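Tertiary structure, described
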2 protein chains.
Amino acid sequence: MTSATDIQRYHTAAVELADEARRIITPALERGFIVKTKADRSLVTEVDQAIERRMRDLLDRWFPDHGVIGEEYPPTRPDSPFQWILDPIDGTEEFVNGIPTFGAMLALHHRGVPLVGLIDHAALDVRVHAGVGLGAFRNGQRIRLVDAAVDQHADQVRLALSARINFTRQIDEGRLFETLTRLYPNHRIYRAAYAHTAAVTGAVDAMVDMHNHVWDLAPSRVLIEEAGGVYEVVRDFPAADGARLLSAVFGKAAVVERLVAVFRASPV
Amino acid sequence: MTSATDIQRYHTAAVELADEARRIITPALERGFIVKTKADRSLVTEVDQAIERRMRDLLDRWFPDHGVIGEEYPPTRPDSPFQWILDPIDGTEEFVNGIPTFGAMLALHHRGVPLVGLIDHAALDVRVHAGVGLGAFRNGQRIRLVDAAVDQHADQVRLALSARINFTRQIDEGRLFETLTRLYPNHRIYRAAYAHTAAVTGAVDAMVDMHNHVWDLAPSRVLIEEAGGVYEVVRDFPAADGARLLSAVFGKAAVVERLVAVFRASPV
C-alpha cells in the first residue's frame, strides 16, 4: 500500500505537471499552432506533442522508476507498478476549433489502481484534482458531491453523454445511445474532458463515457470517488489494436445506479 | 429601410447593454445568488431578473418608442415596429450549475426583420455581435465563415444539436433526433447559448435548434448571415401559450443545405 505521504507527493507532482502544461498551452492559444492529421484521421497539434514531451521529461527526472503511457508517444517502463497515464489535450478537435472544453488528463495508477487524478482546462481556468484519501478539489477548493434524490424525475436528471459516434466505435452500441437519450432527454454532449469535470463537480448528475482508451478515463475514478460519487466500469472490450476499450458511468450514486441498470438490461 | 447610421447606433446600444449585463453577472458569479423555480418548472434567478430590468430601463431611456420582449417580464409597446428581444441568461440551468456555456441573447428586430444581434458569454469572456451591413464580430474581430466542403464526410461534420427533450416539447419530433444523430454522429449538445456562438464563429459547422421561443433565436439570423453563413427556419408551429414555436438550422451553407433536406424528408 502506498503511504499518505507518497500520495501527497504524487498529487503535488500532478499539479506541477498541469502548471507546466499551462505554460505551454496558454501562449499557443494566443499565437496559434500547427495541426496535423494522424493515420486514424484524428487530429494532433504541435502543442499536444510539446506538452507530452515536457511531462515525460519531468516524470523521468522526478520518478525514474515509474512508467508512462501517453496518447502521442510509445509507453516507457511498461513493467513498473507505477504508471503515469497522460492525455495532454483531451478534445483536440475542440482545441483546434476554439471550443474551451478540451483539457489535460493526468493520472498515476499503481498496479492498475488510481492514486492521483487531475483534469485541467486552460481555457476555462478550471482544474479538478484528487488523491486517494486526500479528497477531490476544484481549483484548490474541496468538492463534496450531494447525492441526487432517488426519485428524481428522469427529465430532470442532468446527464453528460458521449456522442453517438463513440457508441459505435469498433462495437456498435448505437441502440443504447437511443435508449439513454430517450430515458434521460436532458443531456449534454461535450466530446471533451469537460464532461468529466462537470460530473466531478456535480454540475451534471452523471456521465456515460463510451468506448475509451485507458487515458481517456484514467483520472476519473479517483476524482469521482474522492468527491463522494461512484464510478462503475460498464463495458470492457478488447480493441482492434490489442488495447482495451472501456466504458464507464460515474457521478452521483443514485443516478449511476439507474444508468448501470440500463446497461445491464442492454446486453451487447 | 433603416439607415446604416441608425443600425450602427443600435449595434452600439446592444454592446452597451451587454457591458451593463456583465457588470451585474460578474459579481453574482463570485458571491452566489438565489434560484427560484417558475410555474413551468424552469429555473430563474435574481440575476436574470436584475439584468432584464436594467436592460429595460436603459432601452426605455434610449429608445422610448421601441418595444421590448423579454423572457422574464411582459412585453412593452407591442405595436412598435422596433422590438428589442432579450434573454438575459439563456441556459439558466447551466448558469445555476456552474457550467460556463450560458449567455445573454439580445436582438433588435424591425417589423420582424433582425437588424442587430448579440450573444455574450460572461464566464467565457466571449461575445459575438453583428448589425445588418456592418459584419459579424467575435470580441470585436471580424468573423468570416469559410464554407464546408460539399462532400465533407458525415462523420466529420461538426454539428451542434438541441437535446432530445427540445425535440419533444409540445410536438413530438423525437424520431428526427434519432435520424440526425445517426446521420451526423459527431455532434455536441450544450443546452445553452454557446451552441449558437459556436455556429456563428465556425467552431461547429452548423446548429439545429428545435422548438424555441422567439427570444431563443432572435439574434442568430443576423449573426450568422453577417458572418457569411445561412439561416433557415425549418419549423414554425403555434405553441400552446399562443406564441410561436420555432426551429432553425444555421451555419455553413453546404452543411445547412444537407440538414434542411433531412427536415424536408421528415414531415411532422
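Above this note sits the structure.
Report follows, based on the coordinates. Note that the structure is a prediction, hence the values are computed from the model and not measured.

Each value, and the rule that gives it
- Residues numbered from 1 in each chain as written.
- Chains lettered and ligands numbered in written order.
- Predicted model: local features only at pLDDT ≥ 70, side-chain atom pairs only at ≥ 80, totals over all residues.
- Heavy atoms only, no water.
- Helix = DSSP H or I, 4+ residues; strand = E, 2+ residues; numbered from the N terminus.
- Rg over C-alpha atoms; globule rule 2.2 N^0.38 Å.
- Buried < 20%, exposed > 50% of the residue type's maximum accessible area, 1.4 Å probe, protein only.
- Areas by Shrake-Rupley, 256 points an atom, 1.4 Å probe, with all protein chains shown as cover.
- Lys, Arg positive; Asp, Glu negative; His and termini not counted.
- Charge placed at Lys NZ, Arg CZ, Asp CG, Glu CD.
- Phe/Tyr/Trp six-rings, centres within 6.5 Å; stacked < 30°, edge-to-face > 60°.
- Salt bridge = Lys/Arg side-chain N within 4 Å of Asp/Glu carboxyl O.
- Pairing = 2+ DSSP bridges.
- Contact = heavy atoms within 4.5 Å.
- Polar contact = N/O pair within 3.5 Å; in protein donor to acceptor, adjacent residues only side chain to side chain.
- Core = buried A, V, L, I, M, F, W, Y, C linked by side-chain atoms within 4.5 Å.
- Least-squares fit on C-alpha atoms with pLDDT ≥ 70 in both.
- Axes fitted to C-alpha atoms, helices over the stretch in contact; angles between N-to-C directions.
- Parallel < 35°, antiparallel > 145°, perpendicular 65-115°, else oblique.
- Left-handed = near helix turned anticlockwise from the far one by under 90°.

1. Details of the overall build of chain A
Regarding its fold elements, chain A presents 9 helices and 14 strands. A compact globule built from 268 residues should have a C-alpha radius of gyration of about 18 Å, and chain A, at 18 Å, falls within 12% of that. Sorting the 268 residues of chain A into buried and exposed places 59% on the buried side. If you sum the accessible surface of chain A, you get close to 10,900 Å²; carbon and sulfur atoms cover 51% of it. Of the side chains in chain A, 30 bear a positive and 36 a negative charge, and the two mean positions are spaced by 1 Å.

2. Side note on the packing of aromatic side chains
With the rule as written, the count across this model stands at 20 aromatic pairs over all chains. Note on Y190 of chain A and Y190 of chain B: the rings are 5.9 Å apart at their centroids and 50° apart in plane angle, and the pair reads as tilted. One end of the pair, Y190 of chain A, is in the loop between β11 (187–189) and α6 (194–201); the other, Y190 of chain B, is in the loop between β11 (187–189) and α6 (194–201), on a second chain. Here Y190 of chain A and Y190 of chain B have matching classes, each one buried. Every member of this aromatic cluster is reached through a ring pair, and the members are Y10, W62, F63, F82 and W84 of chain A.

3. Examining the pattern of salt bridges
Per the counting criterion, the structure on display carries 42 salt bridges over all chains. Between R158 of chain A and E94 of chain B there is a salt bridge whose closest N-O contact spans 2.9 Å. Taken together, the positions of R158 of chain A in the loop between β9 (141–142) and β10 (159–161) and E94 of chain B in helix α3 (residues 92–96) put the pair across two chains. Accessibility expressed as a relative area gives 5% for R158 of chain A, which makes it buried.

4. A short note on the pairing of strand β5 (residues 103–110) of chain B
Residues and elements named next belong to chain B. For β5, the tally of buried residues reaches 8 of 8 residues, placing the bulk of the element in the interior. Neither face of β5 is open: one carries G103, M105, A107 and H109, the other A104, L106, L108 and H110, and all of them are buried. Here β5 runs beside strand β6 (residues 113–121); their pairing, made up of 7 bridges, is antiparallel. Each residue of the ladder has a partner; that of L106, found in β6, is L118. Between β5 and β6, which follow one another and run antiparallel, lie 2 residues, and R111 among them has a positive phi close to 50°.

5. Quick word on the environment of A192 of chain B
Residue and element names in this part refer to chain B. Mapped onto the secondary structure, A192 falls in the loop between β11 and α6. A relative accessible area of 7% means that A192 is categorised as buried. Aside from chain neighbours lying at most four places away, what touches A192 is D90, G91, E94, T101 and F102.

6. Here we look at the side chain of H121 of chain B
Residues and elements named next belong to chain B. With respect to the helices and strands, H121 occurs in strand β6. For H121, the side chain forms a polar contact with the side chain of T197, separated by 2.7 Å. Setting aside anything within four residues of it in sequence, one finds H121 in contact with R22, T101, F102, G103, V126, A193, Y194 and T197.

7. Section: the pairing of strand β14 (residues 244–251) of chain B
Residue and element names in this part refer to chain B. The element β14 is extensively covered by neighbouring structure, given that 7 of its 8 residues are classed as buried. Of the strand pairs in this sheet, strand β12 (residues 206–212) and β14 are connected by 5 bridges, and their pairing is antiparallel. By the bridge assignment, N212 is partnered in β14 with L246. Note that strand β13 (residues 230–238) and β14 share 8 bridges and pair antiparallel. Following the sheet pairing, P238 is matched in β14 by R244.

8. Thoughts on the nonpolar core
For soluble globular proteins, nonpolar side chains are generally found buried alongside one another. Ranked by internal contacts, the top residues of the largest apolar core, which has 60 residues, are I99, I143 and F250 of chain A together with I143 and F250 of chain B. Elements with a minimum of two residues in this core: β7 (126–131), α6, α8 (220–227) and β14 (244–251) of chain A together with β7 (126–131), α6, α7 (220–227) and β14 of chain B. Residues within four places of F250 of chain A in sequence aside, it is in contact with H196, A199, A206, M207, D209, L217, S220, I224, V230, Y231 and V256 of chain A. Core analysis: the second largest hydrophobic core is formed by 46 residues, I189, L259 and F263 of chain A together with V208 of chain B among them.

9. Let's talk about the relation of the copies chain B and chain A
The operation relating chain B to chain A is a screw motion whose rotation component is 180°, with 0.0 Å of axial translation and a residual RMSD of 0.0 Å. As the rotation angle and translation indicate, the two copies are arranged about a two-fold axis. Rotation axis and chain B: the residue whose C-alpha lies nearest the axis is I189 of chain B, separated from it by 2.3 Å. A high fraction, 97%, of the interface residues of chain B reappear at the interface in chain A, so the copies pair face to face through one surface.

10. Details of the packing of helix α1 (residues 4–31) of chain B against helix α2 (residues 46–62) of chain B
Residues and elements named next belong to chain B. Close contact between α1 and α2 brings their axes to 10 Å; oriented N to C, the two are set at 150°. By the angle between their axes, α1 is roughly antiparallel relative to α2. Here the hand of the crossing between α1 and α2 comes out right-handed. Touching A13, E16, L17, E20, A21, I24, I25 and A28 of α1 are V47, A50, I51, R54, M55, L58, L59 and W62, all from α2.

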